[in-house]
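# Coordinate analysis (summary)
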Amino acid sequence: MSKIFNRFNLTLNIWISLIINAVLCIVLPLVAIGMVNLPIFLKGFAIAFPVSTIIVLLIPINKLGDAVAGAFGLKPQTLPFTLVSTAVLALILGTFMSMLMTYVNAGAYTGLFTPAFFGAWLGAWPWALLTVYVSALVGIFTGLPLAMKLCGPPPH
């Protein structure tokens, strides 16, 4: 647990989560209802940011992604390794967060796990996966230098 809860990893994960959720809270309403405004964005962000940050900190999604990338014979700390590892994160986190955000924005009206809910979710799911993948990569590549500047090198 101490490897997860150190200043460097917390800074990096919060930064990545900020980027993922800010973009997700713009893209998903645009896909679902064709618009986004400040109240819609803030409602989504207020729910998505803490939930996804807690998930990533408590569930070893990153380690699973690293294991999958390693199973493909990719070397850690290389671009191909990061691309594959991040794809696993995007699949898991994007699926969960798109279901959560669909419920928040439509589930209360359609009911949870109804045909209307699944229709709304399936329409948003590919966009959520793409959004989480690309924004996570942006977060990683900008967050590592930021975390190193603020916290020094990562602990081993």
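As a reminder, the structure under discussion sits directly above these lines.
A few points on the structure.

### Some words on the overall build of the chain
The helix and strand tally for the chain stands at five helices and zero strands. Along the chain direction, N to C, the helices and strands of the chain fall in the order α-α-α-α-α. What you see for the chain is a C-alpha radius of gyration of 16 Å, in line with the 15 Å of a compact globule of 156 residues. Seen through its C-alpha atoms, the chain measures out along the principal axes to roughly 50 × 35 × 25 Å. Out of the 156 residues in the chain, the part that is buried amounts to 37%. A separation threshold of at least 6 residues defines the contact pool for the chain, and within that pool the share at least 24 residues apart is 70%. Accessible surface, the chain: about 8700 Å² in total, of which carbon and sulfur atoms supply 77%.

### Quick notes on the packing of aromatic side chains
Applying the stated criterion across every chain yields a total of five aromatic pairs. Measuring from centroid to centroid gives 5.8 Å for Phe41 and Phe45, while their planes differ by 15 degrees, and the two rings are stacked. With a gap of four residues between them, Phe41 and Phe45 both fall in helix 2 (residues 38-58), about one helical turn apart.

### Quick look at the packing of helix 1 (residues 7-33) against helix 2
At a minimum axis distance of 8 Å, the contact between helix 1 and helix 2 shows a crossing angle of 140 degrees. By the angle between their directions, the pair helix 1 and helix 2 is classed as oblique. The two elements helix 1 and helix 2 cross, and the hand of that crossing is right-handed. The segment helix 1 lies against helix 2, with Leu10, Asn13, Ile14, Ser17, Leu18, Asn21, Ala22, Cys25, Ile26, Pro29 and Ile33 engaging Ile40, Phe41, Gly44, Phe45, Ala48, Phe49, Ser52, Thr53, Val56 and Leu57. A per-class count over the contact of helix 1 with helix 2 returns 15 nonpolar, six polar and no charged.

### Here we look at the nonpolar core
Core analysis: the biggest nonpolar cluster contains 26 residues, and Ile20, Leu24, Leu28, Leu89, Leu93, Met97 and Val132 have the highest contact counts within it. Going through the elements one at a time, helix 1, helix 2, helix 4 (79-110) and helix 5 (115-151) are the ones with two or more residues in this core. Discounting chain neighbours no more than four positions away, the residues touching Leu93 are Ile20, Ser52, Ile55, Val56 and Val132.

Parameters at a glance
- Residues numbered from 1 in each chain as written.
- Predicted model: local features only at pLDDT ≥ 70, side-chain atom pairs only at ≥ 80, totals over all residues.
- Heavy atoms only, no water.
- Helix = DSSP H or I, 4+ residues; strand = E, 2+ residues; numbered from the N terminus.
- Rg over C-alpha atoms; globule rule 2.2 N^0.38 Å.
- Buried < 20%, exposed > 50% of the residue type's maximum accessible area, 1.4 Å probe, protein only.
- Contact = heavy atoms within 4.5 Å.
- Areas by Shrake-Rupley, 256 points an atom, 1.4 Å probe, with all protein chains shown as cover.
- Phe/Tyr/Trp six-rings, centres within 6.5 Å; stacked < 30°, edge-to-face > 60°.
- Axes fitted to C-alpha atoms, helices over the stretch in contact; angles between N-to-C directions.
- Parallel < 35°, antiparallel > 145°, perpendicular 65-115°, else oblique.
- Left-handed = near helix turned anticlockwise from the far one by under 90°.
- Nonpolar A, V, L, I, M, F, W, Y, C, P; charged D, E, K, R; others polar.
- Core = buried A, V, L, I, M, F, W, Y, C linked by side-chain atoms within 4.5 Å.

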